[in-house]
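Here is how the chains run, residue by residue.
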Amino acid sequence: MMLGLELAYWQESILRSLGVLAAVLLPAGTFVYVFLFKMVSFMQNRLGPMEAGPYGSMQLLAEVGKALQKEDVVPDAADRTLFKMAPYIVVATVLLTYVVVPFGPDMVFIDNQFFGTGIFYVMAVSSISVIGIILAGWASASKYSLLGALRAAGQLIAYELPLVLSVIGVVIQAGTLDLQRIVVAQATGEIFGWGAIGNPFILTQFIGLLIFMIAMQAELAQTPFDMPVAESEVVGGYHVEYTGLRFLLFFIGEFATAGAFAAIAATLFLGGWWLPGLDLEANYMNVLGPIILLAKMMVFGGIIFFIRFTYPRLREDQLQRFAWKFLIPLALVNITATGILKVVF
Amino acid sequence: MTVTESEQLAYVAAKAADARVNVELETDDGMTLNIGPQHPATHGTLRIVAKLDGEQVLWVEPIMGYMHRGYEKLVEVRTYPQITTLVNRIDWLAASCNEVPFILAAEQLMGVEAPLRAQYLRTIFHEMGRIAHLTMFLGDMGVQIGALTPMFYAMRDREFVLNQTESVSGGRFHPNFNRIGGLKDDIPKGWLDETIRIMRKMEAFCDQMEELLLGNEIFEQRTRGIGIIPAEIAQQYGLTGANLRASGVDWDLRRDVDSPMAWKHADFDVITHTDGDCYARTWVRLQETREACKIVTQLCEDLPAGPIMAKVPRIIKVPAGEAYVATENPLGEMGYYVVSQGDLGPFRVKIRTASFHNISIVPWVLRGVYVPDIISILGSLYFILGDIDR
């Protein structure tokens, strides 16, 4: 049952597959245009793309068209199979991540009775992209790629832990792993008996949100944690040998992952597809929900890219020290405090 | 795993001849990483062969010469007035600074001295070259550390200085404005006021950079205590300019050498820092930009009237003799040793460029650091490839 239409199972499956594709590509494209092309240009005292379409809005299509025309170069010394496979693993990870994100009361890609683990599943599959990155780095047979890939591996593992720990606070508060029910918990929650705006977890889990944002920045390899791709050091890191379509896939993967994490952050901390004053069960939320969620994702995307183009880059060992000595203890304190307060109230 | 200094020297000596080809094959212990010749951090074609243990550098060897353009040989077949056009291109970011020492050397041999007004204007252009150069450095240092945005601010504000140079000489990058005995032209009307106004802008830019870049915590983490060069080591390796002053050596040719330039008429401080690390080098250059703005403003306000060209023969023949003149250029001491045999052109010219000597400390300072530190140290040592290879 979707949008009040009676659909066969195969029709619904096709719709859901297309929906996941749209959910991956639309935010990724929006992020690239709005933030990477335009916002950053305005920060940097330039206009950004202006020629392709009104205000350069078609620039993205031009970029994709350019990338598609390029020769797909595989280095001589590269492990051809792994080299060609790696970008698909990275992109597949993002597609898998989006599967559990709810966009409305019925706008879910997988039914909850099959898939109640929600956020746990997200954390699990998002780690798979490391495998793609290490494959790309190793199979490229380039020392820069290898350095970049090893940095990525160390970094993503170090920041996976604070990411998971920061989410646990939300899970304790909502009492469920399922993202849909986390949204409902925020919508129906009350702040000391006052339920007009629900209880978005940003209010109670702000430490969790802070840790989540920092760990997300590292997970996405954005500045100040962009050592895996640092262009002034390892010249692009693991994707230095890629051209054309495969480079494009890495590029889409990067921004789609940013979108996915922004969507998850919005779902966990800002109330997901729901806004105060709207009917949680109504059918129109299936149309309005995705728009609301996208708007909330844009908030997080803006923060990600604002930080990316504001800060310099840390060093790899400084980043590891920051993760293990600061973020993880802080996350554990947050979990403890949340647990105690949950019992008290 | 450590490599002692003697082992390293023995290795470098043994491989000196064929290091250029074979060094990347030597992978028995550690990994050899070629940084350059095409690498964004070397902003040019410097090649640094680094032996790594993980991300730690065991030793490095800088290999230069990829951009050798043979200026010392080229100037032997040109007349004196033609040479300034060539030497403009040595340190391309501050072209008028390259002309000055050569012109001064030729003038010294001829026994000519430029009129006071020309000396003032030369100094103004020299200092404006320094501002344009160091502005670029501040932007570039951000890029090396990973912050892209300061570069665009630096580019924007450097444009004002370049426009001023252009409005006088017609050339933004390569003004080629100095002549033996003076300058090509006088300045246009209203130029001085505009320049003073722009110096205010550049001072505002320095304030902005101090907050934006040097005040950033991550920038401090990446540069403080990294690549420390003690004063005696810096002097042993022949470092000059801001790199030397950042190590605490109070040495500035503008103040210490009496040259026929207008620095002695201006009131400015020589900036030094005691730390000798990457942060100190960046900080010293930022403060020097400020001092340069101060010098330009003072000289513009006190600019004397008078001719801009001394009496020199139409066909310039430099009497036989030898002269070495060096000035304090943005990168450090730049000097020309001119040997004349009384012809239209010099018999031999030796160009002492600052970057060549500054880069010679790289094997010493890069030992034991991490790969990202290579980039911040190279960025803060600040070299121009044309200045290294000539």
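Being a predicted model, the structure only gives us computed values, none of them experimental. (Residues numbered from 1 in each chain as written. Chains lettered and ligands numbered in written order. Predicted model: local features only at pLDDT ≥ 70, side-chain atom pairs only at ≥ 80, totals over all residues. Heavy atoms only, no water.)

1. A look at a nonpolar patch on the surface
On the surface, a nonpolar cluster with roughly 530 Å² of combined accessible area is contributed by Trp10, Ile14, Leu18, Leu21 and Leu25 of chain A. On the secondary structure map, Trp10 of chain A appears in helix H1 (residues 9–43). (Patch = residues over 30% accessible without salt bridge, like charges linked within 9 Å, V, L, I, M, F, W, Y side chains within 5 Å. Areas by Shrake-Rupley, 256 points an atom, 1.4 Å probe, with all protein chains shown as cover. Salt bridge = Lys/Arg side-chain N within 4 Å of Asp/Glu carboxyl O. Helix = DSSP H or I, 4+ residues; strand = E, 2+ residues; numbered from the N terminus.)

2. Quick look at the packing of helix H8 (residues 206–219) of chain A against helix H11 (residues 316–344) of chain A
All names here are of chain A. Contact geometry of H8 with H11 gives a least axis separation of 9 Å together with a crossing angle of 150 degrees. Judged by the angle between their axes, H8 and H11 are roughly antiparallel. The hand of the H8/H11 crossing is left-handed. Residue-level contacts link Ile207, Gly208, Ile211 and Ile214 of H8 to Phe322, Leu327, Leu330, Ala331 and Asn334 of H11. In terms of residue class, the contact of H8 with H11 is built from seven nonpolar, two polar and no charged. (Axes fitted to C-alpha atoms, helices over the stretch in contact; angles between N-to-C directions. Parallel < 35°, antiparallel > 145°, perpendicular 65-115°, else oblique. Left-handed = near helix turned anticlockwise from the far one by under 90°. Contact = heavy atoms within 4.5 Å. Nonpolar A, V, L, I, M, F, W, Y, C, P; charged D, E, K, R; others polar.)

3. Considering helix H8 (residues 191–214) of chain B
An α-helix turns once every 3.6 residues. As a result, residues three or four positions apart point the same way. A rise of 1.5 Å per residue sets the reference length of H8 of chain B, with its 24 residues, at 34 Å; its end C-alpha atoms lie 32 Å apart and thus fit the reference within 8%. Those residues of H8 of chain B lying buried are Trp191, Thr195, Ile196, Ile198, Met199, Met202, Phe205, Cys206, Met209, Leu213 and Leu214 of chain B. (Expected span 1.5 Å × (residues − 1). Buried < 20%, exposed > 50% of the residue type's maximum accessible area, 1.4 Å probe, protein only.)

4. Section: the packing of aromatic side chains
All names here are of chain A. One pass over the full model with this rule turns up 20 aromatic pairs over all chains. Seen in terms of ring centroids, Phe35 and Phe305 are 5.7 Å apart; in terms of plane orientation they differ by 15 degrees. Their pairing is stacked. Of this pair, Phe35 sits in helix H1 while Phe305 sits in helix H10 (residues 285–308), placing them 270 residues apart in sequence. Under the relative-accessibility criterion, Phe35 is labelled buried at 6%. An angle of 20 degrees between the planes, with centres 6.4 Å apart, marks the rings of Phe225 and Phe322 as stacked. Highlighted residues: Phe225 in the loop between H8 and helix H9 (244–269) and Phe322 in helix H11, separated in sequence by 97 residues. A relative accessible area of 28% places Phe322 in the partly exposed class. (Phe/Tyr/Trp six-rings, centres within 6.5 Å; stacked < 30°, edge-to-face > 60°.)

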